[in-house]
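Survey of secondary and tertiary structure
Listed here are the chains, written in short residue letters.
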Amino acid sequence: MYRVCRFLSLVTYKIFGHFTVVGAENVPKSGGVIFTPNHVSFADPPTVGAGCHRQVHYMAKLELFKIPVLGLLIKSLGAYPVKRGTADRTAIRKSIEIVEGGGCICIFPEGTRSKDGNLQPAESGIGMIALKSRGTVVPVALIGTDNMLPPHSFFFHFARVKIVYGKPIRFEDLYEKGGREAIDEVGRRVMAAIAELKAAHG
């Protein structure tokens, strides 16, 4: 099912988004990976997975799993629920479990979509997951997805879409520290990396 949906996403993006992938070689071929993209559109989650050949698991808000058909579909694609607005420890544990098992997850460090396209500070979740799992973080810049699927729109628009995978990041100097300071520092470094990608390729 995941491969079928990835193929359909690629077809859709090539038709509507003039889809360009940059830095695919930066995605590790094995081992636990945490993709950390900026977030501006509902099209962002499948875009992250469409640009690489590894299966990507996503956090999705709990309410989506309660919608008939859609809930079953996203669950079959490897999505798992998160309670937004709270420190959902069950979702965090699930994320760590996937990464420690050598899988890939996608975490939007900002927590929610940016209304104006500007980057927001990272929430604590990305720092907690990155430090606990010790997975490789791959910063991602999504450019143009908000033009292809604007807020409050149910239809795709023709637009240029680019996904940029940045150089992998490790936090060797922070793994043993722990605590709020280390968690916040992970967030700052991740957001700085995304900002550099956007500036270079936007």
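Structural notes, computed from the coordinates. (Residues numbered from 1 in each chain as written. Predicted model: local features only at pLDDT ≥ 70, side-chain atom pairs only at ≥ 80, totals over all residues. Heavy atoms only, no water.)

A closer look at the environment of Gly103
So the rule is basically this: Helix and strand assignments come from DSSP, with helices taken as H or I runs of at least 4 residues and strands as E runs of at least 2, each series counted from the N terminus. Whether two residues are in contact is decided by their heavy atoms: any pair within 4.5 Å suffices.
If you trace the backbone, Gly103 turns up in the loop between α4 (89-100) and β5 (104-106). Along the primary structure Gly103 and His57 are separated by 46 residues, whereas in three dimensions their C-alpha atoms are 8.0 Å apart. Residues within four places of Gly103 in sequence aside, it is in contact with Gly31, Gly32, Val33, Arg54 and Ile98.

Topic: helix α7 (residues 179-201)
Under the convention used in this document: A helix's residues, less one, multiplied by 1.5 Å, set its expected span. Throughout, exposure labels follow a simple rule: accessible area from a 1.4 Å probe, protein chains only, divided by the maximum for the residue type, with under 20% read as buried, over 50% as exposed, and the rest as partly exposed.
Taking 1.5 Å per residue as the helical rise, α7 with its 23 residues ought to reach 33 Å, and the 34 Å between its terminal C-alpha atoms agrees with that figure. Along α7, the positions that sit buried rather than exposed are Ala182, Ile183, Val186, Gly187, Val190, Met191, Ala193, Ile194 and Leu197. Along its buried surface, α7 packs onto β2 (33-37), α5 (124-133), β6 (136-143) and β7 (162-165).

As for the environment of Gly71
Note on placement: Gly71 falls in helix α3 (residues 70-76). A relative accessible area of 5% means that Gly71 is categorised as buried. The sequence separation of Gly71 and Pro81 amounts to 10 residues, and the corresponding C-alpha distance is 9.9 Å. Those residues in contact with Gly71 that lie beyond four places of it in its chain are Leu64 and Phe65.

Observations concerning the pairing of β7
Test applied: Pairing between two strands is assigned when DSSP locates at least 2 bridges connecting them.
Bridging between strand β1 (residues 20-22) and β7 involves three bridges; their strand directions are parallel. Along β7, the bridge assignment pairs Val22 with Val164. When β6 meets β7, the two strands line up antiparallel, connected through four bridges. Of the residues in β7, the one forming a bridge with Val140 is Tyr165.

So, the packing of α4 against α5
Just so we agree on the cut-off: Here the axes come from fitting lines to C-alpha atoms, over the contacting stretch only for helices, and the angles between their N-to-C directions go from 0 to 180 degrees. Angle categories are assigned with fixed cut-offs, so that under 35 degrees is roughly parallel, over 145 is roughly antiparallel, 65 to 115 is roughly perpendicular, and the rest are oblique. A clockwise turn of the near helix away from the far one marks a right-handed crossing, whereas an anticlockwise turn of less than a right angle marks a left-handed crossing. Only Asp, Glu, Lys and Arg are considered charged in this grouping, and only Ala, Val, Leu, Ile, Met, Phe, Trp, Tyr, Cys and Pro are considered nonpolar; every other residue, Gly among them, is considered polar.
It is at 9 Å that the axes of α4 and α5 come closest, and there the two elements cross at 40°. As far as their axial angle goes, α5 and α4 are oblique. Judged by the twist between their axes, the crossing of α4 over α5 is right-handed. In this structure, α4 contributes Arg89, Ile92, Ser95, Ile96, Val99 and Glu100 to the contact, and α5 contributes Met128, Ile129, Lys132 and Ser133. Partitioning the contact of α4 with α5 into residue classes produces five nonpolar, two polar and three charged.

Description of the packing of α5 against α7
Interaxial distance between α5 and α7 falls to 8 Å at its minimum, and their mutual angle equals 105°. If you check the angle between α5 and α7, you find them roughly perpendicular. Contacts from Ser124, Ile126, Gly127, Met128, Ala130 and Leu131 in α5 reach Arg180, Ala182, Ile183, Val186, Gly187 and Val190 in α7. The residue inventory of the contact of α5 with α7, partitioned by class, reads eight nonpolar, three polar and one charged.

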